[in-house]
Amino acid sequence: MASLALTTINEQLLKSIGVGIAILRFKDAKFVFHNAAFTEWFGDPTTSDTVKEAMETLRDQALDSFRETGRFQGEIQIKPRRRTLVISLNLYLTEMESEKMIVAECQNITRMRELEQMIDSYSNMVERNTRQLEREKERVEKLLLNLMPRTVYEEYKTFGVVTPQLYREVSVLMLDFVGFTDFTEKNDPTVTLGELNDIFTAFDRISEQFGVERIKTIGDAYLAVSGMPEAAPDHATAVANCAVRFLRYLERRNQSHRFQWEARIGLGSGAAVGSVVGVQKYVYDVFGPAVNMAARLQVFAHPMKIVAPIDMKFDLIDGFQVDEIGSYDIKGLGSLELINVEGNLSLARGG
């Protein structure tokens with residue numbers, strides 16, 4: 001009676017912790033004991049084929065390992081009542097009354113496996129989202145770097161705002177194409193856009209070579225500056241080099257392309273302010289005396305020529321061919337002596 005009561009208590013304990021137990025004779029695999037949890041999953045060994053099928057599956061999986069070590073740990077799937085369960089199995093040999101017995105410990109780990117799959121699925125989703133966010137971050141960063149210089153972008157990223165800065169010594173380049181309005185009226189917009197994209201991309205590469213920062217394009221106008229946001233002692237030479245090479249590029253391009261492009265370029269030197277303008281649709285912009293001068297002088301340049309104020313002559317005379325072209329009354333700036341700037345012979349040979 002005491003033994004029966006102890007067995008009943010042990011069965012209730014094993015069921016409460018979700019462990020199924022079965023004991024089989026080693027010699028013929030006949031059941032000598034099984035608890036209620038085992039029966040719930042596998043059925044009654046005396047009446048159910050389910051347990052036979054499960055034990056056959058188990059036997060196939062465990063046979064080699066069991067013969068070698070007398071132990072087996074693994075998992076099988078069963079499908080009682082139309083639901084697939086994952087059962088963890090632990091088999092080992094023992095002796096009872098001088099007879100070898102197989103002890104089978106079974107535990108339902110379906111929920112644990114489902115949670116693991118959910119965690120894996122969630123981890124994969126987080127990983128995908130992280131990669132997507134990284135790609136989006138890179139895309140946004142690339143876009144912002146097209147809108148503003150890197151140092152300005154770093155300030156914006158760190159503080160969320162950009163403090164307007166006055167730069168007292170900068171040089172500015174303003175380029176505008178001859179006959180652009182007429183070109184747009186005669187050609188498809190995709191053609192116009194493709195041509196501008198091709199040319200401005202080349203201009204960007206040239207600007208980068210001389211440390212000149214392209215600030216923006218407005219239609220066919222191209223604005224670039226040297227000396228901001230990083231100071232550059234040779235800012236006048238840098239923009240002049242860009243201007244000469246811009247025209248040299250157009251000359252060479254015209255030799256092999258269907259559409260012919262000519263440009264006027266104005267250079268300006270002096271002070272300028274740089275800052276991010278706008279709150280929702282923001283853009284980095286520059287304005288001030290140097291910018292106004294370049295924009296005004298560009299109008300006075302002949303096609304494929306570069307005009308600059310005479311104040312820049314002494315900065316450029318050693319590296320460029322500089323010719324005075326007289327005094328002109330310029331709106332907002334008064335009377336200014338102007339010069340034409342061209343590349344010298346060594347530059348023409350070196351390209």
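Nothing here was measured: the structure is a model prediction, and the numbers come from that model.

This next bit is on the packing of helix H7 (residues 189–209) against helix H8 (residues 235–254). To characterise two packed helices, one gives the angle between the axes of the helices and the distance between these axes. H8 packs onto H7 with a crossing angle of 140 degrees between their chain directions and a minimal axis gap of 10 Å. For the element pair H7 / H8, the angle class is oblique. Two packed elements cross with a definite hand, and for H7 against H8 that hand is right-handed. Residues Glu195, Asp198, Ile199, Ala202, Phe203, Ile206 and Ser207 of H7 pack against Cys242, Arg245, Phe246, Tyr249, Leu250 and Arg253 of H8. Each residue belonging to the contact of H7 with H8 can be placed in one class, and the counts come to eight nonpolar, one polar and four charged.

By size, the foremost hydrophobic cluster in this structure holds 37 residues, and its most contacted members are Leu173, Leu175, Phe177, Phe203, Phe246, Ile265 and Leu267. Element by element, the count of residues in this core is highest for H8, at 10 residues. Sequence-distant contacts of Phe203, that is, excluding residues within four places in its chain, are made with Leu175, Phe177, Tyr222, Phe246, Tyr249 and Leu250.

Now for the packing of aromatic side chains. For the structure shown, the criterion picks out 13 aromatic pairs. Ring centres of Phe180 and Trp261 lie 6.4 Å apart, and the angle between their planes is 35 degrees; this geometry places the pair in the tilted category. Taken together, the residues span a long stretch of sequence, with Phe180 in helix H6 (residues 180–186) and Trp261 in the loop between H8 and strand S9 (263–277) at a distance of 81 residues. An identical accessibility class is assigned to Phe180 and Trp261; each is buried. Between Phe203 and Phe246 the ring centres are 4.1 Å apart and the planes differ by 20 degrees, which places this aromatic pair in the stacked class. Placement of Phe203 in helix H7 and of Phe246 in helix H8 is noted, with a sequence separation of 43 residues between them. One exposure class covers both Phe203 and Phe246, and it is buried.

Moving on, we get to the environment of Tyr156. Along the polypeptide, Tyr156 turns up in helix H5 (residues 150–159). C-alpha of Tyr156 to C-alpha of Leu144: the two residues are 12 residues apart in sequence and 9.9 Å apart in space.

What follows deals with unusual backbone geometry. The omega angle of the peptide bond from Met228 to Pro229 is -5 degrees, so this bond is cis rather than trans. Structurally, Pro229 is set in the loop between strand S8 (221–226) and H8. Phi is positive for Glu97, which is not a glycine, with a value near 55 degrees. Along the chain, the position of Glu97 falls in the loop between strand S4 (85–96) and strand S5 (99–108). We classify Glu97 as exposed; its relative accessible area is 82%.

Turning next to the sheet that holds S4. In space, the five strands of this open sheet follow the order S2-S1-S5-S4-S3, with antiparallel pairing throughout. Each edge of the open sheet is held by one strand with a lone partner, namely strand S2 (31–34) and strand S3 (71–78). Between one strand and the next, the sheet's axes are offset by a mean angle of 25 degrees, whatever the strand orientation. As paired elements, strand S1 (residues 19–25) and S2 share three bridges and run antiparallel to each other. If you follow Ile23 over to S2, its bridge partner there is Phe33.

Before going further, it helps to spend a moment on the pattern of salt bridges. Taken as a whole and judged by the stated rule, the model has 13 salt bridges. A salt bridge links Lys305 to Glu342; the nearest nitrogen and oxygen atoms lie 3.0 Å apart. Here the residue Lys305 occupies a position in strand S11 (residues 305–309), and Glu342 occupies one in strand S13 (residues 334–343), the gap between them amounting to 37 residues. In this structure, Lys313 and Glu324 form a salt bridge, with 2.8 Å as the shortest nitrogen-oxygen distance. Of the two residues, Lys313 sits in helix H10 (residues 313–316) while Glu324 sits in strand S12 (residues 320–330), which places them 11 residues apart along the sequence. Among the residues examined, Glu324 registers a relative accessible area of 48% and is labelled partly exposed. Within the structure, one salt-bridge network assembled from shared partners comprises Glu195, Asp198 and Arg253.

Another aspect to go through is the pairing of S8. Extensive coverage of S8 is indicated by the burial of six of its six residues. Taken together, the five bridges between strand S6 (residues 165–177) and S8 define a ladder with antiparallel strand orientation. Note that in S8 the partner of Ser171 across the bridge is Ser226. For strand S7 (residues 213–218) and S8, the ladder comprises five bridges, and the chain directions are antiparallel. In the sheet register, Thr217 faces S8, and the bridge partner there is Tyr222. The hairpin formed by S7 and S8 contains two residues between the paired strands, and Gly219 there has a positive phi angle of roughly 65 degrees.

We now examine H7. At 3.6 residues per turn, the α-helix brings residues three or four places apart onto the same side. An ideal rise of 1.5 Å per residue puts 30 Å on 21 residues; H7 measures up with 30 Å between its terminal C-alpha atoms. Turning to H7, its buried residues are Thr192, Glu195, Leu196, Ile199, Phe200, Ala202, Phe203, Ile206 and Ser207. Down the axis of H7, the buried side of the element spans an arc of 155 degrees, and every buried residue falls inside it. Of the residues in H7, the exposed ones pointing more than 90 degrees away from the buried face are Thr190, Leu193, Asn197, Arg205, Glu208 and Gln209. On the buried face of H7, the contacting elements are S6, H6, S7, S8 and H8.

Calculation notes
- Residues numbered from 1 in each chain as written.
- Predicted model: local features only at pLDDT ≥ 70, side-chain atom pairs only at ≥ 80, totals over all residues.
- Heavy atoms only, no water.
- Axes fitted to C-alpha atoms, helices over the stretch in contact; angles between N-to-C directions.
- Helix = DSSP H or I, 4+ residues; strand = E, 2+ residues; numbered from the N terminus.
- Parallel < 35°, antiparallel > 145°, perpendicular 65-115°, else oblique.
- Left-handed = near helix turned anticlockwise from the far one by under 90°.
- Contact = heavy atoms within 4.5 Å.
- Nonpolar A, V, L, I, M, F, W, Y, C, P; charged D, E, K, R; others polar.
- Core = buried A, V, L, I, M, F, W, Y, C linked by side-chain atoms within 4.5 Å.
- Buried < 20%, exposed > 50% of the residue type's maximum accessible area, 1.4 Å probe, protein only.
- Phe/Tyr/Trp six-rings, centres within 6.5 Å; stacked < 30°, edge-to-face > 60°.
- Pairing = 2+ DSSP bridges.
- Salt bridge = Lys/Arg side-chain N within 4 Å of Asp/Glu carboxyl O.
- Expected span 1.5 Å × (residues − 1).
- Arc of directions from axis to C-beta.

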